[in-house]
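A closer look at the structure
What follows is each chain in one-letter form.
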Amino acid sequence: MRQLKEIFSNIKYIALIASKYERLYLPLLIAVSLIQGTLPFANIIIPKYIINELTGSKRVDHLLLLVLILVGINLILRITNEYISTIYIQVADDHLQNRVGMLMGYKIMDIDYNYLENPEIYDMKEKANRINNGVIKDIVAAASSILSNVITLVGIIYIMAKLNPLIMLLILGTVTISARSNMKTQKLFYTIQNLLIPINRRLSYLFRMINDFTYGKDIRLFNLAGWLTKKCEYYWHKTVLEMKPRMVKVAHTNSIAIIVRFIQEGIVYIYLGLRVIWANMTLGDFVMYQNAVRSFTDSLSAIASAFVAIYQNNMYVRDYRNFMALENRINVDRDDTVPLPDLSKPYEIEFKDVSFKYPGQNSYALKNLSLTIKSGQKLSIVGLNGAGKTTLVKLLIRLYDQCEGVVLLNGTDIRKFNYNDYLSQFTVVFQDFNIFAFSLKENIALTESEKCDDERLISAIEKSGLDEKVRSLEKGMDSQIYKIFDEHGIELSGGEKQKLALARALYRKSSIVVLDEPTSALDPLAEYDLYKRFADLTEGRTTLYISHRMSSSKFSDAVAVIKNGTMVEYGTHEELMRRNGDYTTMFEAQAQYYI
Ligand SMILES: Nc1ncnc2c1ncn2[C@@H]1O[C@H](COP(=O)(O)OP(=O)(O)OP(=O)(O)O)[C@@H](O)[C@H]1O
């Protein structure tokens, strides 16, 4: 009962999406179902009269009229059906499928960032993704099949009323058996698919690696082909082991349904044949009943299959809805949000005794960290690998918001601000930024070309040092990056990519800029040039600058030294050098190489 309720709720869910994006979809589907439901009825009755005419009076004009009616009805209904299905329904099917996929896409782009690091959520996403394998189309087709076959059934029951009720019972029995076995088969398939999800995720990752040209260099250099193939083979083997025993069960179950159906057909043939021989049934009636019995069985089976399809697809819709129902804690409009302070006026950000462990980790990435950042300040954050510098930034921009202690903006817990409003105050360039296969201009402005502010764009390009490269390109800022979609697409060097990332940060208007290792790929001259113009670049905006190039700290107002997740030193470059602590050690260690 609960399942039935869920099925109805899911069908309603799909119907609502369908009518939202394709208003005519449901009414036209009903029209098509009506056509499909009535057509078999005509094809059962009219041949009876044709055969009786052929074996009886043999009147040519009657015969022609009957054939004309049969052909006419078929032609008109089938052609109408064809036009509606091809021109509207098939196109709408595709559109709806894409919509449902895109709704999931929005969800994926919007869910809390920490979900992206949880393998359970990956599996949930993979399960939900199955909705993209034509599930909407299948459910709608099943619902429309139920409607059309119920109409057919009503007509056939009327025709078969004169037949032995035992025959009807026999058919009902066999259809029930095949429906049950069909249901069992679908359940087995669902189980198999679920078991294979973690394996398939690994396999698709491997296939992506193998097919993605960007991995090509590593694969060749480290001779990974054999190793990757072995890994694939291992997972294929696992797939076969999981599938085989269950597929044997599927074959057994399906065979039972086939055997039962043949026995039923045999009995019906013998029964009708005997009635022709012993009870003077006309040949026309023999053919009509025989067709009626076949249609009856087909319609019942189609209804049963449609229910099974709905039942099975219901599981996929459930998985989809479960994923869509994942609740955001961070990116959500809470009732108790407070207005963001005006950041054009002086403000202060404070990390107050903050400790943080990544989800699923035992050790702290940040431990009792306290730090105050003042508006307009240029703060360098330095520390060894894994010290916690990037983690600090991730907490600041609320990629994670479950920590001990608190991060405050003007004394208010940053979690109280509307997430998007808050985030819009930041421009962050992480080390692992992505460059997209769009134009150079779109990559910097991160918006449609037409919406781009060209003046700001040119200024960002100049300040980032990318101007020379842009001038050398035939299509300038409109050059396509990568050759995936354009054979004239450009490939940027590591340093040029970094300049592009910097241009992105400079283009965006925001109060706070965070640059995580922005010069690691720059040549010494470009790096020197950037340092020289650093204050000019960020135009008085608060800037957090994470870098292993210790000399960059000289250009900052203050330096925070992070060690094992906590802040161990704070001051200007000169103050810290005088202190002769961790900062001095790091600075001098690096300086040695440059002397
Ligand atoms: N998503 C994550 N899940 C689990 N642990 C993580 C995650 N990201 C970072 N860590 C761990 O947290 C610690 C701090 O990492 P973080 O990236 O903040 O260091 P960092 O100071 O920026 O280092 P680097 O200078 O190498 O970039 C490290 O031990 C790292 O392994």
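The shown structure was predicted, so the numbers you read here are calculated from the model rather than taken from an experiment.

Concerning the overall build of the protein
- Each helix and strand in the protein was counted, giving 19 helices and 10 strands.
- Computed over the C-alpha atoms, the radius of gyration of the protein is 35 Å, more than 25% above the 25 Å expected from 2.2 N^0.38 for a compact globule of 595 residues.
- Counting only C-alpha atoms and orienting by the principal axes, one finds that the protein spans roughly 120 × 55 × 50 Å.
- Taking all 595 residues of the protein together, the buried fraction comes to 29%.

With respect to the site of the ligand
- In the vicinity of the ligand, the contacting residues are Glu 117, Tyr 358, Gln 361, Ala 365, Gly 383, Asn 385, Gly 386, Ala 387, Gly 388, Lys 389, Thr 390 and Thr 391.
- In terms of residue count, the dominant contributor to the shell around the ligand is helix H10 (residues 389-396) (three residues).
- Classifying every residue of the shell around the ligand gives three nonpolar, seven polar and two charged.

Concerning the environment of Pro 119
- Within the secondary structure, Pro 119 sits in helix H4 (residues 119-129).
- On the neighbour-count criterion, Pro 119 (10 C-beta atoms within 10 Å) is exposed.
- The spacing of Pro 119 and Pro 198 is 79 residues in sequence and 9.2 Å in space, taken between C-alpha atoms.

Description of the domain arrangement of the protein
- Segmentation of the protein into domains returns domain 1 (2-324) and domain 2 (348-425 + 510-594).
- Look at where the C-alpha atoms of domain 1 and domain 2 centre, and you get two points 58 Å apart.

Topic: the UniProt feature "domain: ABC transmembrane type-1" (unreviewed entry) in the protein
- Sites flagged by UniProt as "domain: ABC transmembrane type-1" (unreviewed entry) map to residues 28-312.
- With 89% helix and 0% strand, residues 28-312 has end C-alpha atoms that lie 25 Å from one another.

A closer look at the sheet that holds strand S5 (residues 412-413)
- The strand order S2-S1-S4-S5 describes an open sheet built from four strands, whose pairing is antiparallel. A single partner strand is all that each edge strand has here, and the edge strands are strand S2 (366-374) and S5.
- Sheet topology places strand S1 (residues 348-356) next to S2; six bridges connect them, and they run antiparallel. Paired with Ile 349 across the bridge in S2 is Ile 373.

Notes on the nonpolar core
- Ranked by internal contacts, the top residues of the largest apolar core, which has 57 residues, are Val 354, Ile 381, Ile 444, Ala 503 and Ala 560.
- Beyond its immediate chain neighbours, meaning those up to four positions away, Ala 560 contacts Leu 371, Leu 379, Ile 381, Met 567 and Tyr 570.
- Ranked by size, the runner-up nonpolar core spans 43 residues in total, among them Ile 146, Ala 306, Ala 309 and Ile 310.

Quick look at the pairing of strand S9 (residues 558-563)
- The buried fraction of S9 amounts to five of the six residues, a majority that puts the element mostly inside the structure.
- The sheet contact formed by S9 and strand S10 (residues 566-571) spans five bridges and is antiparallel. Considered in S10, the bridge of Ala 560 is made with Tyr 570.

Quick notes on the environment of Arg 202
- Looking at the secondary structure, you find Arg 202 in helix H6 (residues 165-211).
- Classification of Arg 202 by C-beta neighbours within 10 Å gives partly exposed; the count is 15.
- Spatially, the C-alpha atom of Arg 202 lies 43 Å from that of Ser 148, the residues being 54 residues apart in sequence.

Observations concerning helix H13 (residues 454-464)
- Within the sequence span of H13, burial applies to Ala 460, Ile 461, Lys 463 and Ser 464. On an axial view of H13, the arc spanned by its buried residues comes to 170°, and they lie on one face. Residues of H13 that are exposed and point over 90 degrees away from its buried face: Asp 454 and Glu 455.
- With its phi angle positive at about 90°, Gly 465 sits one or two positions after the end of H13.

Comments concerning H10
- Most of H10 is tucked away, with six of its eight residues classed as buried.
- Burial in H10 covers these residues: Lys 389, Thr 391, Leu 392, Lys 394, Leu 395 and Leu 396.
- Looking at the packing, one finds that the buried side of H10 touches S1, S2, strand S3 (378-383), strand S4 (404-409), strand S8 (542-546) and S9.
- Just beyond H10, the residue with positive phi is Arg 398, at close to 60°.

Thoughts on the sheet that holds S9
- Read from one edge of the open sheet, six strands run S6-S7-S8-S3-S9-S10, paired in mixed fashion. The sheet is open, and its two edges are formed by strand S6 (426-429) and S10, each paired on a single side. The average angle at which neighbouring strand axes cross in this sheet is 15°, direction not considered.
- Bridge analysis of S3 against S9 gives five bridges, and the strand direction is parallel. Opposite Val 382, over in S9, you have Val 561 as the bridge partner.

Digging into the packing of H6 against helix H9 (residues 283-324)
- Taken N-terminus to C-terminus, the directions of H6 and H9 make an angle of 25°; their axes are 9 Å apart at the nearest point. Between H6 and H9, the crossing angle belongs to the class labelled roughly parallel. Judged by the twist between their axes, the crossing of H6 over H9 is right-handed. Contacts from Ile 167, Ile 171, Val 175, Ser 178, Ala 179, Asn 182, Met 183, Gln 186 and Tyr 190 in H6 reach Val 293, Phe 296, Thr 297, Leu 300, Ser 301, Ala 304, Ser 305, Val 308, Tyr 311, Gln 312 and Met 315 in H9.
- Per-class residue counts for the contact of H6 with H9 are 13 nonpolar, seven polar and no charged.

Quick notes on the rules
Residues numbered from 1 in each chain as written. Predicted model: local features only at pLDDT ≥ 70, side-chain atom pairs only at ≥ 80, totals over all residues. Helix = DSSP H or I, 4+ residues; strand = E, 2+ residues; numbered from the N terminus. Rg over C-alpha atoms; globule rule 2.2 N^0.38 Å. Buried ≥ 20, exposed ≤ 12 C-beta atoms within 10 Å, placed from the backbone. Near = placed C-beta within 6 Å. Nonpolar A, V, L, I, M, F, W, Y, C, P; charged D, E, K, R; others polar. Domains from an automatic or database assignment. UniProt positions renumbered as here; feature names shortened; annotations may be inferred. Pairing = 2+ DSSP bridges. Core = buried A, V, L, I, M, F, W, Y, C linked by C-beta atoms within 7 Å. Contact = placed C-beta atoms within 7 Å. Arc of directions from axis to C-beta. Axes fitted to C-alpha atoms, helices over the stretch in contact; angles between N-to-C directions. Parallel < 35°, antiparallel > 145°, perpendicular 65-115°, else oblique. Left-handed = near helix turned anticlockwise from the far one by under 90°.

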